[in-house]
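So you can see what is in the structure, the chains are spelled out below.
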Amino acid sequence: MLSGLFGTAQATLYIPFLVISAVTLLYLVYGRALPKPLSGIPYDENARTSLFGSLPEIREYVREHGRLRPWLAAHSTRHNSPLTQFWFGPFARPTLILSDFQETQDILLRRSREFDRAKRSCDCFEGPVGNHHIAMRTSDPRFKGNKELVKDLMTPAFLHEVSAPEIYTKATCLVDLWTLKAKVAAGRPFNADRDIFDAAIDIINAATFGLHDGLSTVKRQLDTLSKVGDAELPLSPDGSVEFAHPPDAPEIAAIHEISLHIGEQLKASFPKISHRYKVLTKPSLAKAISMKDKLIHDEIEKALARLRSGGRVRSAMDHILQREMNSAKKADRRPVFHSPRIHDELFGYIVAGHDTSATALKWMIKWVADDQVVQNKLRAALRSAYGAALSERRQPSVTELWKIPVPYLDAVIEESLRVTGPIPVAQRRAVVDTVILGQNIPKGTEIIFINNGPSYLSPSVSVPDSARSESSRAKFSHGHWNPEDMHLFRPERWLRIDENGREVFNPQAGPAMPFSLGPRGCFGRRLAYLEIRIVLALLVWNFEFQKLSEELSSHAVVDSITSAPKKCFVALNRVS
Ligand code: HEM
């Protein structure tokens, strides 16, 4: 073609020019694709010189360990710096990792004008629950309206009057199931993973919809097991008793499928595209999504009928619907009950609230079985606090569990969340040019905050006070952990003696942020504490958790939405 345009001799002259241009262009593209570090922030040298940034190392790490989160947590230690950077691929801007509680707390609590929810965090949820506030930046014009809709759901009055009785009923059902299982297993271990997960999903469904027992997964298992009677059950090679699990109700199976899909979204390189692709290519997912839509639609209709005939508010959904009725009346408009916003806020409540609480409870159960001294102390604290229930040979009531504080119970819960938190990271994006620990950070940079690295579970990397932000220096008032034992499970670190000589729980004893912090921290934190407190107290009240073999008590972790234990077994004796 060149010879056609210019003649053969001229074409020969142009070839070196074209080759040089192509090589220069390639060189420029290569130069652009190479990672560009932010100055003053440590990074891996081999990542900076690789076209794919840190991806090759990350891929190798994930291949070897099956998970990424520990790589992030170790980055600070590797560079002996609280702030480090890495790259997710070619042309990628640096992503920062911050592992310093004081500065993290300052950013999350006090600098929300400079940092919003990360784009990636929003993208992961956009497909499955795009109209829930979890998928929105704070600057999104829809955000405020969504928060308005759900704002009362975490008030003490709502939690006590509406959520707590539902949680208590479902937790009692788990106690009944385990009473039966403990009898059949006769002291031998069994897998508790699914039971905890089922109880958590029953609880969050009940708190969201006031769901009837027909959909309770724990109740279905209880009914199935009651029919088995004393029949001999098979043993696994690890010596645990195998209980059959009845199939889930289709609606519950649909919720499972969508939750698993969200877990995958969190690992996808391009979550929005991945969601669309999966919905198109995986018929079971598409079916699960329409079943979920129908479930919410039908539950809303049932709730409206109940509320219109004077029924009391008994779930988050009832409350949201009543709120919509009132605001429609006030604005003289027709209420819209089936808006995408109401549907997604309801479903998001379930999605965000079941895997997290289940994982937290699984770790707690493992810790109390591992550490028999802690377990005995916890049971003694419960018996002393709920003395009336003990002397009347009954369970502590929901009101007692809500009203009477048990500092050691809070300490065990907080310590388990500190050492084995279900979500060990939070993410934000700088929305203006800003500064972190004295380093300039351009607008658009994403930052990962680690809550299980230095300053949480190992000594902080030292930071000169002058590098900290003004508000961080002025407002920080937390305690510090003893560097000698901060990596250990030791609930006592959360207790102190108050001015009246009483032992009290001290939530500010030292660095921890299992629910993240600030206006975009966990929305459901209070509900989660309520649920965990009720379930853990009832379980330890009713059962002795035996110490298990090394194999069954392993602390190996699997990551999906949460970082959960790979194995969660229990061997139970009913407390007489
Ligand atoms: C032990 C249980 C739980 C843990 C450890 C946990 C932890 C977290 C964490 C770390 C975040 C990220 C916050 C951030 O990006 O800064 C989060 C967000 C969130 N959680 Fe939880 N969570 C738990 C239970 C719940 C429950 C029961 C609910 C629901 C009803 C819930 C609803 C949410 C929502 C809606 C968000 C997004 C908040 C926003 O974007 O503004 N969580 N949670």
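Here the structure is a predicted model, which means the values were calculated and not measured.

Caption draft 1: Structural detail: the pairing of strand β5 (residues 425-430). Burial of β5 is extensive: 5 of the 6 residues sit out of reach of the surface. Relative to β5, strand β3 (residues 115-117) runs antiparallel, the two sharing 3 bridges. Note that in β5 the partner of Asp 116 across the bridge is Arg 429. Pairing of β5 with strand β8 (residues 446-450) involves 5 bridges; the strand directions are antiparallel. When the sheet's bridge partners are listed, Gln 427 is paired in β8 with Ile 448.

Caption draft 2: A look at the coordination of the iron atom of the ligand. Looking at the protein side alone, the iron atom of the ligand has one donor only, Cys 522 (SG), at 2.3 Å. Topologically, Cys 522 is positioned in the loop between β10 (503-505) and α22 (525-542).

Caption draft 3: Main features of the side chain of Asp 355. Relative to the helices and strands, Asp 355 resides in helix α16 (residues 340-370). For the buried residue Asp 355, which engages in no salt bridge, the nearest side chain bearing the opposite charge is Lys 362, 5.4 Å off. At 3.4 Å, the side chain of Asp 355 and the side chain of Thr 562 are in polar contact. Every residue in contact with Asp 355, bar those within four places of it in the chain, is listed here: Phe 197, Ser 560, Ile 561 and Thr 562.

Caption draft 4: The arrangement of the site of the ligand in detail. The environment of the ligand is made up of 25 residues, and the closest members are Thr 356, Arg 428, Ser 516, Arg 520 and Cys 522. In this structure, Arg 117 approaches the ligand through a side-chain N or O atom, which is 3.4 Å from an oxygen atom. Only α16, β5 and α22 provide two or more residues apiece to the shell around the ligand. Top element by residues in the shell around the ligand is α16. It accounts for 6 residues.

Caption draft 5: Representation of the domain arrangement of the chain in the model. Partitioning the chain into domains gives domain 1 (1-33) and domain 2 (151-423 + 514-574). Put simply, the middle of domain 1 and the middle of domain 2, counted by C-alpha atoms, are 65 Å apart.

Caption draft 6: Spatial organisation of the layout of surface pockets. Counted as a void, the second largest pocket has a volume near 770 Å³. Elements with a minimum of two residues in the lining of the second largest pocket: α6 (101-110), α20 (407-419) and α22. Along the lines of polarity and charge, the residues of the lining of the second largest pocket split into 18 nonpolar, 7 polar and 6 charged.

Caption draft 7: Structural detail: helix α5 (residues 69-79). Within α5, burial applies to Arg 69, Trp 71, Leu 72, Ala 73, His 75, Ser 76 and His 79. At the C-terminal side of α5, Asn 80 shows a positive phi close to 45°.

Caption draft 8: Region of interest: unusual backbone geometry. One non-glycine residue, Leu 437, adopts positive backbone phi at about 45°. Its location among the elements puts Leu 437 in the loop between β6 (434-436) and β7 (439-441). Leu 437 gets classed as buried once you look at its relative accessible area, which sits at 10%. Here Ser 516, not a glycine, exhibits a phi torsion of approximately 60°, which is positive. Mapping Ser 516 onto the fold places it in the loop between β10 and α22. In this structure Ser 516 comes out as buried when scored by relative accessible area, which is 17%.

Quick notes on the rules
- Residues numbered from 1 in each chain as written.
- Predicted model: local features only at pLDDT ≥ 70, side-chain atom pairs only at ≥ 80, totals over all residues.
- Heavy atoms only, no water.
- Buried < 20%, exposed > 50% of the residue type's maximum accessible area, 1.4 Å probe, protein only.
- Helix = DSSP H or I, 4+ residues; strand = E, 2+ residues; numbered from the N terminus.
- Pairing = 2+ DSSP bridges.
- Donors = N, O, S within 2.8 Å, 3.2 Å for Na, K, Ca; no water.
- Lys, Arg positive; Asp, Glu negative; His and termini not counted.
- Salt bridge = Lys/Arg side-chain N within 4 Å of Asp/Glu carboxyl O.
- Polar contact = N/O pair within 3.5 Å; in protein donor to acceptor, adjacent residues only side chain to side chain.
- Contact = heavy atoms within 4.5 Å.
- Near = heavy atom within 4 Å.
- Domains from an automatic or database assignment.
- 1 Å grid on protein atoms, 1.4 Å probe; cavity = no way out; pocket = protein on both sides within 12 Å on 5 of 7 lines; lining within 4 Å.
- Points joined across faces, edges and corners; volume = space filled by probe spheres on them.
- Nonpolar A, V, L, I, M, F, W, Y, C, P; charged D, E, K, R; others polar.

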